[in-house]
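So the chains spell out like this:
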Amino acid sequence: MTLDRFSKEISHNVVAELPKILCKEKFLSPDKEKPLLVFNNTKVRKARLIGKNVKTGARAEFLLLEKINDEWKTLAQKSKRRRIGSSYKFYDNSGEEIAFAEITGEENEFRYLRFKNPVNEEFLDKYGHIPLPPYIKREDTAFDSQRYQTIYAEETGSAAAPTAGLHFSGDILNDLKEAGIEFAFVTLHVGLGTFLPVRSENIEDHIMHEEYFTITDYNAALIEKARASGRKIIAVGTTSLRSLESAFNNERIKTGWQKTSIFIYPGYKFKITDVLFTNFHTPQSTLLMLVSAFAGKNLILDCYSKAVKEKYRFFSYGDAMLIY
């Protein structure tokens, strides 16, 4: 779905048409220069570990979010049952024990795990599971290891895929390049904070969890140059948009590793993002609020209503919107 947020015109297309769409007059700069696409090149780690409680033998599942010194900050399934001092064993497919860990701390819904032996990216790549969204009611498969990953993913560290990027095949990227459209990349490691629903009655009381992101000097220079020449900046996905909006200040892009807990909801004034390519999001999510801030709540809800009638697919493996 393409949406002109100013004229409120809606049209229906396929992603393969994007190279032609982005060469239209409305996407060009005053000097007829083509837009700049900004992608998030984070890579999803196999962050889910499934084990058993040493005392009870009950199944236990942990999502490893961030390593802090010698502990992992995790999101535990049935977290209220996961108490400090509880210990867990983890096994490979043959039933052989591969890890032992103890809960050493609590922080709201999070639990801190200390493993007897180091658990690193190599370990997780071998024994971990892809952290599919909770509304996908099945176990992950080998297919998900490829499908739940953008083709330009490089920097491992996400607990979820930047799903707008899943629409881009090698052919589409080549067609965009041949059309003269440039790319820039940011790296934001997606945490669960992006997806947790807003439960506060007052939207301003919702607290976003911090996520780490970085922008290299090279990519910052590409973005700054494009903006200075009046070219449109297109964020591919809400994570790219949040990185851009967090890093942009006084006409410059801050480079290097940074933290962001930016929460974008209606009333927010966008500083650098001109166009957003994004999926259709879950109700009561911060992502739905972000796109409502970008295009207007009533217009977005109208688009979503039309998407339902047109049988668009929603959420991570679903269809996309181009909002300009």
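If you're wondering where the values come from, they're calculated on a predicted model, not measured in any experiment. (Residues numbered from 1 in each chain as written. Predicted model: local features only at pLDDT ≥ 70, side-chain atom pairs only at ≥ 80, totals over all residues. Heavy atoms only, no water.)

A.B. asks: Describe the pairing of strand β19 (residues 320-323), and please don't skip the residues or the numbers.
C.D. replies: With burial as the criterion, each face of β19 is covered, one bearing A320 and L322 and the other bearing M321 and I323. The pairing of strand β1 (residues 2-3) with β19 spans 2 bridges and is parallel. Pairing of L3 across the sheet is with I323, part of β19. (Buried < 20%, exposed > 50% of the residue type's maximum accessible area, 1.4 Å probe, protein only. Helix = DSSP H or I, 4+ residues; strand = E, 2+ residues; numbered from the N terminus. Pairing = 2+ DSSP bridges.)

A.B. asks: Would you mind going over the sheet that holds strand β7 (residues 71-76) in detail, with residue names and values included?
C.D. replies: In sheet architecture, strand pairing relies on hydrogen bonds along the backbone and comes in two forms, parallel and antiparallel. Overall, antiparallel pairing links the 6 strands, which are arranged β5-β6-β7-β10-β9-β8 in a closed barrel. Strand after strand, the sheet turns through a mean of 45° between neighbouring axes, direction not considered. Two elements, strand β5 (residues 48-53) and strand β6 (residues 59-68), share 5 bridges in a ladder whose sense is antiparallel. Of the residues in β6, the one forming a bridge with I50 is E61. (Axes fitted to C-alpha atoms, helices over the stretch in contact; angles between N-to-C directions.)

A.B. asks: Tell me about the pairing of β7, and please be specific about residues and values.
C.D. replies: With 5 of 6 residues buried, β7 lies mostly within the body of the structure. Pairing geometry for β6 and β7, over 6 bridges, is antiparallel. Within β7, the residue paired with E66 across the bridge is K73. Counted along the chain from β6 to the antiparallel partner β7, the turn is 2 residues long, and its residue N69 has a positive phi close to 55°. Relative to strand β10 (residues 110-115), β7 runs antiparallel, the two sharing 4 bridges. By the bridge assignment for β10, W72 is matched with L113.

A.B. asks: Describe in detail the layout of surface pockets, supporting the description with residues and values.
C.D. replies: Approximately 470 Å³ is the volume found for the second largest pocket. In terms of lining, the second largest pocket is formed by 24 residues, of which the most central are L65, E66, E210, E211 and Y212. Broken down by secondary-structure element, the contributors of at least two residues to the lining of the second largest pocket are β6, β7, β10, β11 (155-158) and β13 (211-215). Counting residues per element, the lining of the second largest pocket draws most heavily on β6, at 4 residues. Partitioning the lining of the second largest pocket into residue classes produces 9 nonpolar, 6 polar and 9 charged. (1 Å grid on protein atoms, 1.4 Å probe; cavity = no way out; pocket = protein on both sides within 12 Å on 5 of 7 lines; lining within 4 Å. Points joined across faces, edges and corners; volume = space filled by probe spheres on them. Nonpolar A, V, L, I, M, F, W, Y, C, P; charged D, E, K, R; others polar.)

A.B. asks: Residues and numbers for helix α7 (residues 286-295), please.
C.D. replies: Of all 10 residues in α7, 10 are buried; the element is thus mostly enclosed. Within α7, burial applies to T286, L287, L288, M289, L290, V291, S292, A293, F294 and A295. Where α7 is buried, its residues touch β1, α6 (238-247), β18 (275-279), α8 (297-309) and β19. G296, located one to two residues past α7, shows a positive phi value of around 100°. (Contact = heavy atoms within 4.5 Å.)

A.B. asks: With reference to specific residues and values, describe the packing of aromatic side chains.
C.D. replies: Across all of its chains, the model carries 21 aromatic pairs by this definition. Taking the centre distance of 5.9 Å and the plane angle of 40° together, the rings of F90 and F115 count as tilted. Highlighted residues: F90 in strand β8 (residues 87-91) and F115 in strand β10, separated in sequence by 25 residues. F115 carries the same exposure label as F90, and that label is buried. Consider the rings of Y148 and Y317, whose centres lie 6.0 Å apart with planes at 90°: the pair is edge-to-face. Of this pair, Y148 sits in the loop between α3 (142-147) and β11 while Y317 sits in the loop between α8 and β19; the two residues are 169 residues apart in sequence, bridging distant segments of the chain. Owing to a relative accessible area of 23%, Y317 belongs among the partly exposed residues under this scheme. Ring pairing ties together the aromatic residues F39, Y152, F168, F183, F185 and F277, which thus form one cluster. It is R5 that lies over the ring of F294; its NZ or CZ is 3.9 Å from the centre. Note that K73 overlies the ring of F110, its terminal NZ or CZ placed 4.4 Å from the centroid. (Phe/Tyr/Trp six-rings, centres within 6.5 Å; stacked < 30°, edge-to-face > 60°. Lys NZ or Arg CZ within 6 Å of the ring centre and 35° of its normal.)

A.B. asks: Could you give me a rundown of the pattern of salt bridges, with the residues and numbers involved?
C.D. replies: Inspection of every chain in the model, using the stated rule, returns 18 salt bridges. The partner of E139 in a salt bridge is R59, and the shortest N-O contact between them spans 3.8 Å. In this pair, E139 is assigned in the loop between α2 (121-127) and α3 and R59 in strand β6, connecting sequence segments 80 residues apart. Overall, the relative accessible area of 41% leaves R59 in the partly exposed class. (Salt bridge = Lys/Arg side-chain N within 4 Å of Asp/Glu carboxyl O.)

A.B. asks: Tell me about the sheet that holds β1, and please be specific about residues and values.
C.D. replies: Spatial strand order, β2-β1-β19-β18-β14-β3-β12-β13-β17: 9 strands in an open sheet with mixed pairing. At either margin of the open sheet sits one strand with a lone partner, and together these are β2 (10-11) and β17 (256-260). Relative to β2, β1 runs antiparallel, the two being bridged by 2 bridges. Across the sheet, residue T2 finds its bridge partner in β2, namely S11. Those strands touched by α6 are β3 (36-40), β12 (182-188), β13, β14 (233-236), β17 and β18, and its axis lies near 75° from that of β13.

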